[in-house]
Amino acid sequence: MLLEREVNLKPYNTFALPATARRLVRIREAADVRRVLDHPELGRAPKFVLGGGSNLVLSKDLDAVVLKMEIPGLRLLEERADAWIIEAGAGVPWHELVQWTMDHGFPGLENLALIPGTVGAAPVQNIGAYGLEMKDRLDSVEVVDLVTGRPVLLPAEVCKLGYRDSVFKHSADGGLAGKCVITRVRLRLPKPWRPVLGYLELERKMAETGISEPSARQIFDWVCAVRRAKLPDPAVIGNAGSFFKNPVVTPEQCRDIIGRDPGIVHYPMPDGSIKLAAGWMIDACGWKGKAVGGAAVYEKQALVLVNRGEARGAEVITLARAIQESVYGRFGIRLEPEPVLI
């Protein structure tokens, strides 16, 4: 267990926002969590779990003990007739896992390529892109109880993954927020592999290339190309990816909005609800390129907020709230942020 004090968190969040962790522990194996719990100074202190910092807006210093998840490891845990079971350490960068599965002939995660963050954070947020979500591939997660220090294996159904949601984001009604930390994740990649193609950008790639039955590698390459074209690289310009969730409304609500804004981009969902494109609504309200201090709406994609260089977390939050009010005023829809605002 490696304990550090007064740690600058700017390199550890993809928005590159300034903040300090009073105490930070690098968790490199599950046993390190137990060591923290047994520590006379750290054991009873509040804990804050930090992965890749890609879903985080820091507006203040952290007094809680920061558990920086750095558990490594990638392996094929089991091969069944109907699936490959892949296990990954919580500290592995998500895209590194996707690349590894491609290179080793285990398709099924290609639609989720280039999503920033770590493996351990993926079930918490139920990451998703291009027609696929974490819930479609999760087998189970290994967690350590933050009270007892005992490891527990939770099957996917216990994790209650929903749209950018999970049991790990809530503390009430049986929620596990603040009660455990994810140390390893197991994914179930179905056999035989079937492509997930029902998404506009992928359909465009099929039309452009003339490839009607793409391989997993081709889908992986397409997803990487699309994401690089429309989303800023956090290594170049600080950001947390898509800042707002795409709101889900009833067909009646959608018809009402279409009556006022016929061009609104919307997608029917399997349960009959309608998902609205938050980026389209933000753009329609004139926010693309607008700024509050060092925080701005990305010129190429209105769903992304960026750090133009020296932004502070408070500026990002102020900008986000102004966007929420603007969209609510025009569409009657309250956008929900994807990142955790601290």
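For clarity, every value in this text was computed on a predicted model and none was experimentally measured.

Chemist: So what exactly am I meant to see when it comes to the pattern of salt bridges here?
Modeler: Opposite charge on two side chains permits pairing when their charged atoms draw close. This model, assessed by the stated rule, comprises 31 salt bridges. Among the ionic pairs, E6 bridges to R22, the shortest N-O distance being 3.1 Å. Remark: R22 occurs in strand β2 (residues 20-27) and E6 occurs in strand β1 (residues 2-8); sequence separation between them is 16 residues. Here E79 and K191 are joined by a salt bridge, their closest N and O atoms 2.9 Å apart. With E79 in strand β6 (residues 74-79) and K191 in the loop between β12 (180-190) and α5 (200-209), this residue pair connects regions lying 112 residues apart in the sequence. Owing to a relative accessible area of 21%, K191 belongs among the partly exposed residues under this scheme. Shared partners join several salt bridges into a network, and the residues in it are E4, R26, R28, K68 and E70.

Chemist: Looking at this model, I keep getting lost on the sheet that holds strand β18 (residues 295-297). Mind explaining?
Modeler: Sheets are built from strands paired through backbone hydrogen bonds, the pairs being either parallel or antiparallel. One open sheet holds the four strands; their spatial order is β13-β19-β18-β17, and the pairing between them is antiparallel. Of all strands in the sheet, those bounded by a partner on one side alone are β13 (238-242) and β17 (291-292). Note: β17 against β18, two bridges, orientation antiparallel. Bridging across to β18, V292 finds its partner in A295.

What counts as what
Residues numbered from 1 in each chain as written. Predicted model: local features only at pLDDT ≥ 70, side-chain atom pairs only at ≥ 80, totals over all residues. Heavy atoms only, no water. Salt bridge = Lys/Arg side-chain N within 4 Å of Asp/Glu carboxyl O. Helix = DSSP H or I, 4+ residues; strand = E, 2+ residues; numbered from the N terminus. Buried < 20%, exposed > 50% of the residue type's maximum accessible area, 1.4 Å probe, protein only. Pairing = 2+ DSSP bridges.

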